[in-house]
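So you can see what is in the structure, the chains are spelled out below.
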Amino acid sequence: MSVIQTIRDRGTWIIFVIIAVALIAFILQDGAGRGGSAFSNSSVIAKVNGTTIDRGTFEERLKSQEAMYAGQGATREQLIGNVFNMEVDNIVLNQEFEKLGLTVSAKELNDILFGDNSPLRQEFTDPKTGEFKVDDAKRAFAQIKKSKNAEQVKMITTGYIEPTIQNSLRNKYQNLLLQSVYVPKWLVEKQQADNNAVSNASYVLYPYVAIPDSTVKVSDADINSYVKKHSNEFKKEEETRSIVYVNFSAAPTSADSAATLSQINALKAEFISTSDAAAYLGKVGTELPYYNSYFGGSRIQVANKDSITRLPVGGVFGPYIDGNNFVIAKMVGIKQWPDSVSVRHILIGTNDPQSGQMVRDDSTAKKLVDSIQTAIKSGADFNALVAKYSDDGGSKDKGGVYDYFPQGQMVIPFNDFAFDNAVGTKGVVKTDYGYHYIEILGQKNRAAAYKIAYLAKPIISSNETVNEANTAAAKFVASAKSSKEFNENAAKLAKPILPASDIKKNDFTVGTMANTRSLVRWIYENKEGAVSDPTEVGDQIIVAMITGINKAGLMSATEARPLVEGVIRNEKKAKIIIDTKMKGSTLEELAKSSGASILRADSIAFNAGFVNGVGNEPKMVGAAFNKANLGKASSLIAGNAGVYAVKVENIGAKSADALPESVKQTLIQNRKMAAYRSVEALRKAATVKDNRFDFY
């Protein structure tokens, strides 16, 4: 059977037995799933508003996430940050739930587990009818006492029960916020008036681009002053650091590639002559695991597929390059197989694939399956025997049927029996899960299927290549004890100096370089100006120098410069323009003194902040709706693109685009969006002492 499917299906009743155990524990303890741990560990990962996250609890959550996302390729390092944020969010929310007296009763939890939006629907839904089989789920709960696996209890508690309770509490909390939204009539009327307000105006513009950037200097003092004045926009929650680095390639050379090619060529003759591909590949090793069965051409996705599938039995193709490997493909066998098969079966289990525990001994299982085979030959009802004896939860409620599954989905003995025999064939097959009595019900689309063995050897860097890169990097470090020497050495070797900034204490990556946690630790364990020892990162050896330490709080001038230098420069240009370029009290006088033209902007919308032909200029829009500017020039305005003077021709209103009720609903929805960001606000307001650096 399919390994993944079997693990899930055979464990179904156990899973829900465990959920029941957790449910009872919840009822008895008035549990809200908040607090407590199966571990006793004094090591504190973090404190959030005085509530601790101990290492045992954190590791438990982390392992659960690793198991959940392992199939998606997520690494432990990638998940640490996600789990930490989840724990912080849960704590700040649970503190709010506690203040508000929010709980989830046992009845509520029961209603969720067995209701329309049950998290269990997938496991207990009939695939043919789409019906959620509530009674089956409840029967699984009735088998509470059969579960003795504490690890599974813990897994289901953290994977199902706690998230269900937490989601319910979050929904209650969010609904409280959503229901508190109120928009008064006067605000609707004002918003509608603002939406419909229009203005026509004339203006004079002196653009900033008319003054060369090179004539206006922005000092660190200017930046610090601006940052202090706008402190809320430039406040950092945590320290960051920056480095520069050079790299020395330790990637495989042409000589390394040739050595791998020579190695695989030396094995080719023996690979061709061997009659046992599995044993041979097990002996010499291969990067592409051997699948000891057949796949149709449409299921094969490898380089040089067309050439390989044209091989005769015993023929080989290669060596050829596939990814980072040299590969020789050998055709082991060719058969005519269907591309999908329908079967029904009865599993007499010997091992639980999830727990590894023995269900029954092999001898007992074999005798039972033989007696089932005899009974069926004598006319016994197959469906009745499935219901009574089968240990496969994935097919038991469907009469033991697996309806048209593709090649390779089931474990090999089961797969090969189903695809290699004719429709109507019946027999007993032994797999790692136990003994299966199988009957083939149907087959579709017969075509050629291939058993192919791949001898694959990776192209890797030789010791000489790696040593050469390390030696060059070590020489660089020996004579690069200062920033000046670092830069001079890089210039002599014609190596680009690469920057990496905004590196945080708990990061696992630096810039575009992955798996660099050890480098991050070095960055935070050393001072500005320190030069690292040669550090291996992928197929590169890098040497880094710490160039900046930016403490939490207001950004430094160096950090803020890329963000505000242009703004400050324009402020200085605006002062120059106002002081020296635009003189007069009318648009005509201002245009004459500045050498500009009088321009016109019609149908300026009050709620847009945008002026056609000009761009985003909210200050200009504001002046265009100022009645004090009707018929006369405004004072000079430092805008985004230049300095303006505006004369309002008229202020009016267009016909309403939306009815008051529509405007009201828009305002309500905008305010409700804030409720969805409540967790972010709570996290930002929390006092968090993060100790992850001490552990990871």
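So, a few notes on the structure that sits alongside this text. Predicted model only: the values in this text are computed from it and were never measured. (Residues numbered from 1 in each chain as written. Predicted model: local features only at pLDDT ≥ 70, side-chain atom pairs only at ≥ 80, totals over all residues. Heavy atoms only, no water.)

1. Some thoughts on the overall build of the protein
The helix and strand inventory of the protein stands at 23 helices and 21 strands. Contacts spanning at least 24 positions in sequence make up 71% of the contacts within the protein whose residues lie at least 6 apart. If you sum the accessible surface of the protein, you get close to 36,300 Å²; carbon and sulfur atoms cover 51% of it. Seen as two clouds, the 83 positive and the 75 negative side-chain charges of the protein have centres 2 Å apart. (Helix = DSSP H or I, 4+ residues; strand = E, 2+ residues; numbered from the N terminus. Contact = heavy atoms within 4.5 Å. Areas by Shrake-Rupley, 256 points an atom, 1.4 Å probe, with all protein chains shown as cover. Lys, Arg positive; Asp, Glu negative; His and termini not counted. Charge placed at Lys NZ, Arg CZ, Asp CG, Glu CD.)

2. Some thoughts on the pairing of strand E1 (residues 44-48)
The sheet contact formed by E1 and strand E2 (residues 51-54) spans four bridges and is antiparallel. Residue pairing for E2: Ala46 is matched across the bridge by Ile53. Between E1 and the antiparallel strand that follows it, E2, lie two residues; Asn49 among them carries a positive phi value of about 50°. Both E1 and strand E21 (residues 688-690) contribute to a ladder of three bridges, which runs antiparallel. Looking at E21, one finds that Ala46 is bridged to Asp690. (Pairing = 2+ DSSP bridges.)

3. Notes on the packing of aromatic side chains
Here the structure, examined in full by the defined rule, presents 16 aromatic pairs. Ring centres of Tyr203 and Tyr644 lie 6.2 Å apart, and the angle between their planes is 55°; on these two criteria the pair is classed as tilted. Placement of Tyr203 in strand E3 (residues 197-207) and of Tyr644 in strand E20 (residues 642-653) is noted, with a sequence separation of 441 residues between them. Since its relative accessible area comes to 0%, Tyr644 is described here as buried. Geometrically, the ring pair formed by Phe248 and Phe476 is edge-to-face, given 5.9 Å between the ring centres and 65° between the ring planes. Linking Phe248 in strand E5 (residues 240-249) with Phe476 in helix H16 (residues 463-478), this pair joins segments that are 228 residues apart in sequence. For Phe476, a relative accessible area of 2% gives the class buried. An aromatic cluster is built from Tyr294, Trp337, Phe405, Phe414 and Phe419, whose rings are joined through pairwise contacts. The residue whose ring lies beneath Arg344 is Phe382, and the NZ or CZ to ring-centre distance is 3.9 Å. (Phe/Tyr/Trp six-rings, centres within 6.5 Å; stacked < 30°, edge-to-face > 60°. Buried < 20%, exposed > 50% of the residue type's maximum accessible area, 1.4 Å probe, protein only. Lys NZ or Arg CZ within 6 Å of the ring centre and 35° of its normal.)

4. Description of the sheet that holds strand E14 (residues 540-550)
The strands that make up a sheet pair up through hydrogen bonds in the backbone, lying either parallel or antiparallel. Strand order in the open sheet formed by four strands is E12-E5-E14-E13, and the pairing between neighbours is antiparallel. Bordering the open sheet on either side are strand E12 (498-504) and strand E13 (535-537), each of which pairs with just one other strand. Going from strand to strand, the sheet's axes swing by 45° on average, the running direction of each strand aside. Bridge count between E5 and E12: five bridges; the pairing is antiparallel. Opposite Ile243, over in E12, you have Ala500 as the bridge partner. (Axes fitted to C-alpha atoms, helices over the stretch in contact; angles between N-to-C directions.)

5. Description of the sheet that holds strand E16 (residues 598-605)
With antiparallel pairing, four strands are arranged side by side in an open sheet as E16-E3-E20-E19. Of all strands in the sheet, those with a lone pairing partner are E16 and strand E19 (637-638), marking the two edges. With two bridges connecting them, E19 and E20 associate as antiparallel partners. Among the inter-strand pairings, Ile637 is bridged to a residue of E20, identified as Tyr644. Sheet contacts for helix H8 (residues 185-196): E3 and E20; angle to E3, the most-contacted strand, approximately 55°. Seen against the sheet, helix H20 (residues 587-594) touches E3, E16 and E20 and runs at an angle of roughly 30° to E3.

6. With respect to the pattern of salt bridges
Enumeration over the complete set of coordinates arrives at 30 salt bridges. Here Lys335 and Asp420 are joined by a salt bridge, their closest N and O atoms 2.8 Å apart. With a gap of 85 residues between them, Lys335 in strand E8 (residues 325-349) and Asp420 in helix H15 (residues 412-420) connect regions that are remote in the sequence. Here Lys335 falls in the partly exposed class, since its relative accessible area comes to 28%. Owing to a relative accessible area of 40%, Asp420 belongs among the partly exposed residues under this scheme. With its nearest N and O atoms 3.8 Å apart, the salt bridge here joins Glu649 to Arg600. (Salt bridge = Lys/Arg side-chain N within 4 Å of Asp/Glu carboxyl O.)

7. Digging into the pairing of E14
Along E14, eight of the eleven residues are buried, which leaves the element largely enclosed by surrounding structure. One ladder, built from ten bridges, connects E5 with E14; its direction is antiparallel. In the strand pairing of E14, Ile243 is matched with Ile546. Pairing analysis gives three bridges linking E13 to E14, with the strands arranged antiparallel.

8. Remarks on the environment of Ala303
Counting through the fold element by element, Ala303 comes out in the loop between strand E6 (295-296) and helix H12 (305-309). In this structure, the C-alpha to C-alpha distance between Ala303 and Asp54, residues 249 residues apart in sequence, is 49 Å. Those residues within four positions of Ala303 in sequence are excluded, and the remaining contacts are Ile308, Tyr320 and Asp322.

9. Re the nonpolar core
Core analysis: the biggest nonpolar cluster contains 33 residues, and Ile45, Val48, Ile53 and Phe58 have the highest contact counts within it. Mapped by element, the contributors of at least two residues to this core are E1, helix H3 (55-69), helix H4 (76-100), helix H5 (106-113), helix H7 (150-179) and helix H23 (678-685). In terms of residue count, the dominant contributor to this core is H4 (nine residues). Each residue touching Ile53, except ones within four places of it in the same chain, is listed here: Ser43, Val44, Ile45, Ala46, Val48, Phe58, Glu87, Val88 and Ile91. Val341, Val411, Val429 and Tyr433 belong to the second largest nonpolar core, which has 18 residues in total. (Core = buried A, V, L, I, M, F, W, Y, C linked by side-chain atoms within 4.5 Å.)

10. Some thoughts on the packing of H3 against H4
Closest axis-to-axis distance for the H3/H4 pair is 9 Å, and the angle between their directions is 125°. One finds that H3 runs oblique with respect to H4. The handedness of the crossing between H3 and H4 is right-handed. Mapping the contact onto sequence places Thr57, Phe58, Glu59, Arg61, Leu62, Gln65, Glu66 and Tyr69 in H3 and Arg76, Leu79, Ile80, Val83, Phe84, Met86 and Glu87 in H4. Among the residues making up the contact of H3 with H4, the classes are represented as eight nonpolar, two polar and five charged. (Parallel < 35°, antiparallel > 145°, perpendicular 65-115°, else oblique. Left-handed = near helix turned anticlockwise from the far one by under 90°. Nonpolar A, V, L, I, M, F, W, Y, C, P; charged D, E, K, R; others polar.)

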